[in-house]
Each structure stands twice: as structure tokens, then as C-alpha cells.
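These are the residues of each chain, in order.
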Amino acid sequence: MRRLAAAIAVLVLAACGGGGGGGSGGSSGPKPTAAEASRFLTQATFGPTPAGIDRVSNSSYETWINQQIAGAPHNQTHLAYIDARLAEFRRADPNASISDNQFYESWWLQAVVGGDELRQRMKFALSQIFVISLNDDSIDTRGAASYYDMLGRNAFGNFRTLLEDVTLHPMMGRYLTYLANQKESGTRSPDENYAREIMQLMTIGLYELNADGTVRLNAQNQPIPTYTSADISGLARVFTGLSWYNPTPTATTFFGGGRDESREVRPMIFYPQYHSTSAKTFLGVTIPASSTVDVAGDLRIALDTLFNHPNVGPFIAQRLIQQFVTSNPSPAYVGRVAAVFNNNGQGVRGDLGAVVKAILLDQEARSASTADGAGYGKLREPLIRMTNWMRAFGVSSQTGNWLVPLTAGNQSLGQAPLSSPSVFNFWRPGYVPPATTEMGQRSLLAPEFQIVDEVTVASYINTMSSAVDQGFGNTPPGGSGRDMRTSYSAEVALAETPTALIDRVDLLLTSGRMSQTLRQRILDAVNAIAIPGGSATQAQIDNARLNRVKTAVLFTMASPEYLVQR
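Residues numbered from 1 in each chain as written. Predicted model: local features only at pLDDT ≥ 70, side-chain atom pairs only at ≥ 80, totals over all residues. Heavy atoms only, no water.

## Some words on the overall build of the protein
Part 1: When you go through the protein residue by residue, the secondary structure sums to 27 helices and 8 strands.
Part 2: Against the compact-globule benchmark of 24 Å for 566 residues, the protein has a radius of gyration of 25 Å, which places it among compact chains.
Part 3: Judged by the C-alpha coordinates and their principal axes, the protein covers about 95 × 65 × 45 Å.
Part 4: The buried share among the 566 residues of the protein stands at 54%.
Part 5: Long-range contacts, defined here as pairs at least 24 residues apart, represent 70% of the contacts in the protein between residues at least 6 apart.
Part 6: Carbon and sulfur atoms form 51% of the exposed surface of the protein, whose accessible area is close to 22,300 Å².
Part 7: The protein carries 46 positive and 47 negative side-chain charges, and their two centres are separated by 2 Å. (Helix = DSSP H or I, 4+ residues; strand = E, 2+ residues; numbered from the N terminus. Rg over C-alpha atoms; globule rule 2.2 N^0.38 Å. Buried < 20%, exposed > 50% of the residue type's maximum accessible area, 1.4 Å probe, protein only. Contact = heavy atoms within 4.5 Å. Areas by Shrake-Rupley, 256 points an atom, 1.4 Å probe, with all protein chains shown as cover. Lys, Arg positive; Asp, Glu negative; His and termini not counted. Charge placed at Lys NZ, Arg CZ, Asp CG, Glu CD.)

So this is what it looks like as C-alpha cells:
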């Protein structure tokens with residue numbers, strides 16, 4: 001398998017051409033084909049499963065989405081999982097503690113086997129817009145789990161509620177340094193970190209947008225900034241007087257003393273004595289100076305102002321389309337989704353369930369002919385490549401604890417949940433590769449390519465080669481072999497019919513869009529592994545069959561046709 005990895009690593013750097021593929025499907029009319037259902041689930045989940053493909057192809061895209069939004073099974077919360085693991089540890093050692101690894105365990109568990117598949121995928125997308133990171137020492141593991149649970153609760157709710165829940169969560173307060181933020185006094189000014197980032201990264205962006213997400217230009221043909229440094233300063237005064245939850249708040253608890261056991265997981269509370277009462281001017285709104293402290297009122301005005309800004313619809317539409325479907329959506333696609341954000345058809349603004357439904361059912365998401373366009377698609381995120389493999393081939397955890405450590409290193413996957421290097425996530429949504437590349441010359445956005453280099457390419461191939469062959473994750477204490485493994489039983493049954501084997505791998509990994517060129521290369525490689533006869537033992541025959549399967553899977557997952565989601 002190592003020789004195989006070395007031989008094909010260079011393929012990942014090749015440009016990706018269009019594949020074959022079926023029709024567009026849709027929310028009405030004929031039921032989706034299996035290939036169409038697989039492509040839909042590639043966008044909407046952490047990867048299609050055989051059972052999931054059957055469900056969608058026997059109903060419709062819209063039915064599946066409605067079921068997911070209305071009541072797909074919810075898993076145990078991440079916080080409950082971590083608390084259960086801590087109790088387990090302390091039964092063996094009363095002084096034991098948890099680490100970030102327990103959040104990663106829970107994340108992989110839910111991403112791979114969670115029944116609420118669209119919610120899982122949506123909260124992962126939201127976590128890359130409303131970023132906190134376990135890389136920051138100020139972020140507590142239980143707090144991070146609580147934060148991720150909060151994103152999940154809001155995944156199909158209203159954006160305004162999400163905005164407030166994010167703002168009041170203590171982990172965001174810690175990460176962007178406005179927890180215990182004090183009003184101005186003398187030479188001291190309120191911390192401006194969150195005021196800046198909630199505008200730039202979470203709601204309105206740097207420049208004014210048209211309804212279709214294109215940048216508005218002034219008379220000099222220059223972009224129009226959405227805010228100024230004065231807007232940041234004015235908004236920062238709103239985010240003063242927020243700090244740790246405590247049932248009996250005092251000045252001591254505001255600054256972190258008198259710690260309550262639940263403070264990392266409960267919303268921050270108001271400490272009026274530290275809240276600015278001076279005038280607060282931002283984004284064309286002024287909250288007048290007052291001798292009466294009204295933290296809740298000031299916060300409501302600020303968040304309402306952001307929520308109702310005309311940029312929010314196209315800004316969030318483009319970010320979520322990039323997460324689910326394509327890095328370079330057309331302005332028309334962005335405009336259609338933004339219109340749903342502005343009004344879900346029932347006069348409601350900010351309905352995230354309606355927004356994700358609009359993203360996934362849009363003709364630009366569902367049309368196979370559109371998907372063949374040269375500028376269409378997105379580089380699959382490293383985490384999603386791994387979950388795709390796990391879900392497609394029925395990987396399970398031998399311990400039930402999904403023992404996956406941090407995978408953010410560039411010699412691993414280069415990405416881990418809630419572990420980005422900065423508030424800008426692992427990559428910027430507006431990243432364009434260097435002008436020396438074809439994408440750069442065409443000014444195409446390619447966010448995920450920001451972490452692609454020779455090291456991460458080789459590391460991905462090596463990681464997948466090892467995982468496909470031996471499994472993934474840590475070896476359990478006292479155990480043998482890696483915790484996450486699969487027998488490939490359904491695929492092994494097809495190993496002596498290579499074309500059928502490749503058809504199945506194509507369906508699960510490339511949605512039936514594999515080109516004839518790639519198919520022939522994989523077929524040649526599979527056929528090169530002879531199934532022994534004569535005096536061969538059953539173990540030798542089984543091993544050859546299994547190696548055929550592993551070769552087909554790895555060749556596919558290393559190919560540009562797989563790495564670029566279309």
C-alpha cells in the first residue's frame with residue numbers, strides 16, 4: 001500500500017475535469033436515481049451511505065430534507081457524552097480529567113453514525129463561520145462541546161436567535177476576548193475584537209453587497225466598505241458588562257472569581273456596573289447616552305441592526321453554498337438563496353431551515369450538466385473525505401468511543417473540528433490561489449486549497465492509504481489494531497467481478513460520475529491482483545479479494561475526480 005501511495009500522490013495535484021453523470025433530479029417529478037441520490041447526499045451529509053441512497057431514491061430530495069428538519073433522530077449531546085466519559089474516567093481514578101480528545105471522540109461518533117445527518121452537516125458548516133477553536137488555551141473542552149451543541153440546536157432555527165446565542169456563549173466571549181469587557185474609563189476603551197469580527201466574519205462582511213452577493217461599487221468603481229473604525233468602536237461599547245454566569249453575581253465573579261461549576265456551558269449574564277452608558281453609534285444607528293443601564297436593550301438593538309442589514313442574506317447565502325455545494329456559485333444562485341433568507345415565503349426573515357433547503361434544491365446544486373462546468377465544485381474538506389470513507393463502507397468503532405485524536409496537523413488530515421488556527425477558520429472563504437495557477441489566472445475562489453501543499457497532499461495519501469488498509473484512529477489500551485475498522489463485506493462479495501466492484505465504489509464515492517479514464521485505470525489495477533486458485537488456502541483467496549477492494553477504494557479517493565466534489 002505504501003508503494004501505491006507514492007505512485008499516485010502526484011495525481012492529486014492534477015486539474016480536475018468533468019465526469020459522466022445522470023440527470024438533474026429534483027424535488028418533484030421522477031424519483032432520483034441512485035447516482036443522483038448519492039450526489040445529493042454528498043452535499044447534504046458527511047457522506048452517502050447505501051441505506052441513505054436507498055431512502056432518497058425511493059422518495060425525493062425535498063421529502064428527505066423535510067424529514068431531517070422536522071425530526072430526524074437526535075444523538076446524545078456532545079456535552080452529555082463528555083460528562084459521561086469523565087464519570088467513567090473517575091470511577092477508575094477520582095482525580096482523572098478530560099481532554100479535547102473526548103470532544104473529538106463525540107464529534108466522530110455523531111458525524112459518522114448520527115441519524116440527524118443534515119443537522120450534523122449544518123452545524124459543522126456553521127462552526128466554520130462562527131469560529132471558536134480548541135487551539136486557544138482559553139477554550140474549555142466542556143465549553144466547546146456546549147458551543148457545538150448550541151450550533152446544532154440553531155441549525156434550522158432563526159439566524160437572529162443563533163446570533164444572540166453565539167454572542168452570549170462564554171466560549172465565544174473567551175475566544176474573542178469580550179467576556180468581562182469593561183466600559184470606557186479614562187484611557188481605557190472597550191475591547192473591539194468581537195465588534196469587528198461579528199461584522200466582518202459572521203454577518204455583513206467587509207463590503208456592501210448587491211442582493212446577488214456581488215460587490216457594490218461607488219462612483220470611482222471601488223468597493224464600498226460596510227463599516228468604519230468608528231462603527232467598530234461604537235458597537236464595542238454594546239459588548240461591555242457581559243461575563244460569567246453566576247447565581248449571585250458580584251464584581252468578583254465578573255472578573256472570573258467565585259467560579260460556578262456550570263459557567264463554561266451557560267450563557268453569559270449582564271453586569272450593569274461594567275456596561276457603557278455613553279452614546280453608541282454604529283451602522284447608521286445611535287443608541288443615545290443614558291443614565292439608566294440597559295444591557296439587554298442595547299444588545300437587542302445591536303443584534304437587530306446586524307440581522308436586518310441588507311448584506312446578511314447574500315453574505316450568509318454565499319458562505320453556506322460554499323460549504324455545501326460549490327466554491328463559485330453564480331450570482332443568480334446566491335440571489336435566490338438570499339431571497340429565501342430575506343423571506344421564507346411566510347414573511348419570516350432568517351429561517352435557516354428554509355435557507356439550507358433552498359441551497360440543496362436549487363437547480364445549480366441539482367443539475368448534472370451545471371456540475372460539469374469548468375468552474376463548478378469545491379475541494380472536499382479533509383475531514384469530510386474521511387467521514388465519507390467511514391460512512392460509505394460501514395466503519396465502526398471497536399470500543400464504541402471513536403478514538404480519534406487531533407487531526408489538524410499537516411502530516412495528518414490538516415483539519416480537525418473546532419480546532420482552526422485562527423478566527424478565520426482553516427481557510428478564508430475568499431481565497432484565490434496564486435496567479436501562477438490556472439485557478440488564480442481565472443480568479444476562481446478555492447477556499448480549501450489554502451491548506452494544500454506538497455506536504456498536505458502526501459500526508460492525505462499516506463493517511464488514507466493507512467486507513468483504507470488498517471483502519472483509523474488510536475489503538476485501544478490493551479487492544480490490537482486501530483479503533484475504527486471495516487470488513488468491506490459488501491465490496492469483498494463483488495471482488496471477483498471487478499466492474500461491479502468499481503460500480504459500487506463509484507456510486508458511494510463519486511456519485512456515478514467516474515470518467516472512463518479513471519475507471520479503466522482502477523480496473524487495470526484491480527485485475528492485476530490475481531485471485532489465487534489451485535492449492536491456495538481460503539485465507540489467501542480472501543486476502544486477494546480484500547486487496548482488490550482496498551485498491552479500488554484508495555485509487556478512487558486519491559483521484560482528482562474524487563477530491564473535487566461536483
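## Things to note about unusual backbone geometry
Part 1: One non-glycine residue with positive phi stands out, namely Ala180, at about 65 degrees.
Part 2: Its place among the elements puts Ala180 in the loop between α10 (170-175) and α11 (193-200).
Part 3: Judged by its relative accessible area of 21%, Ala180 is partly exposed.

## A few points about the nonpolar core
Part 1: Counting residues in hydrophobic clusters, the biggest one holds 146 residues, and the most contacted among them are Trp108 and Trp389.
Part 2: If we skip the residues at most four places from it in the chain, Trp389 touches Val395, Met464, Ala467, Val468, Gly471, Phe472, Thr486, Tyr488, Val553 and Met557.
Part 3: Tyr245, Phe254, Ile269 and Tyr271 belong to the second-largest nonpolar core, a separate cluster that totals 5 residues. (Core = buried A, V, L, I, M, F, W, Y, C linked by side-chain atoms within 4.5 Å.)

## Observations regarding the packing of helix α5 (residues 78-92) against helix α6 (residues 100-113)
Part 1: Remark: α5 packs on α6, axes separated minimally by 9 Å, with the N-to-C direction vectors making an angle of 130 degrees. By the criterion of interaxial angle, the relationship of α5 to α6 is oblique. Here α5 and α6 pass one another in a crossing that is right-handed. Mapping the contact onto sequence places His78, Tyr81, Ile82, Arg85 and Phe89 in α5 and Gln102, Phe103, Glu105, Ser106, Trp107, Leu109 and Gln110 in α6.
Part 2: Here the residues of the contact of α5 with α6 sort into 6 nonpolar, 4 polar and 2 charged. (Axes fitted to C-alpha atoms, helices over the stretch in contact; angles between N-to-C directions. Parallel < 35°, antiparallel > 145°, perpendicular 65-115°, else oblique. Left-handed = near helix turned anticlockwise from the far one by under 90°. Nonpolar A, V, L, I, M, F, W, Y, C, P; charged D, E, K, R; others polar.)

## Points about the environment of Ala80
Part 1: Secondary-structure assignment places Ala80 in helix α5.
Part 2: For Ala80, a relative accessible area of 28% corresponds to the partly exposed category.
Part 3: A C-alpha to C-alpha distance of 8.8 Å links Ala80 and Ala145, two positions 65 residues apart in sequence.

## Focus on the side chain of Arg349
Part 1: Take Arg349: it is sitting in the loop between α16 (331-342) and α17 (352-361).
Part 2: Lacking a salt bridge, the buried Arg349 has Asp304 as its closest oppositely charged neighbour, with an N-O distance of 9.3 Å.
Part 3: Of note is the side chain of Arg349, whose polar atom sits 2.9 Å from the side chain of Asn342.
Part 4: If we ignore the near neighbours within four places in the chain, the residues touching Arg349 are Asn158, Phe307, Asn308, His309, Val312, Gly313, Phe341 and Asn342. (Salt bridge = Lys/Arg side-chain N within 4 Å of Asp/Glu carboxyl O. Polar contact = N/O pair within 3.5 Å; in protein donor to acceptor, adjacent residues only side chain to side chain.)

## Details of the pattern of salt bridges
Part 1: Counting across every chain of the model gives 24 salt bridges.
Part 2: The residue Arg504 makes a salt bridge to Glu491 at a minimum N-O spacing of 2.5 Å. Of this pair, Arg504 sits in helix α24 (residues 498-510) while Glu491 sits in helix α23 (residues 489-492), and the two are 13 residues apart along the sequence.
Part 3: By relative accessible area, which is 2% here, Glu491 ends up buried.
Part 4: Residues Asp506 and Arg519 are paired through a salt bridge, measuring 3.0 Å at the closest nitrogen-oxygen approach. Separated by 13 residues along the polypeptide, Asp506 in helix α24 and Arg519 in helix α25 (residues 516-527) bring together distant segments of the chain.
Part 5: Salt bridges sharing common partners tie together Arg55, Glu117 and Arg391.

## So, helix α8 (residues 141-153)
Given 3.6 residues to a turn, an α-helix orients residues that are three or four positions apart in the same direction.
Part 1: Compared with an ideal rise of 1.5 Å per residue, which puts 13 residues at 18 Å, α8 spans 19 Å between its outermost C-alpha atoms and is within 8% of the ideal.
Part 2: Counted residue by residue, α8 has 11 buried out of 13 residues, so it is predominantly covered.
Part 3: Every buried residue belonging to α8 is among Thr141, Gly143, Ala144, Ala145, Ser146, Tyr147, Tyr148, Asp149, Met150, Leu151 and Gly152, and all of these are buried.
Part 4: Of the surrounding elements, those touching the buried residues of α8 are α5, α6, α7 (117-127), α9 (159-168) and α10.
Part 5: For α8, the capping residue at the N-terminal end is Asp140, with a side-chain oxygen 2.9 Å from the backbone nitrogen of Arg142. (Expected span 1.5 Å × (residues − 1).)

## Concerning a nonpolar patch on the surface
Part 1: On the surface, a nonpolar cluster with roughly 330 Å² of combined accessible area is contributed by Leu206, Tyr207, Val215 and Leu217.
Part 2: Considering the arrangement of structural elements, one finds Leu206 in the loop between α11 and α12 (229-238). (Patch = residues over 30% accessible without salt bridge, like charges linked within 9 Å, V, L, I, M, F, W, Y side chains within 5 Å.)

## Brief notes about α16
Part 1: Over its 12 residues, α16 extends 16 Å from the first C-alpha to the last, a length consistent with the 16 Å expected when each residue adds 1.5 Å.
Part 2: Every buried residue of α16 is accounted for by Tyr333, Val334, Gly335, Val337, Ala338 and Phe341.
Part 3: The inward-facing, buried residues of α16 contact α9, α14 (295-307), α15 (312-324), α17 and α18 (363-366).

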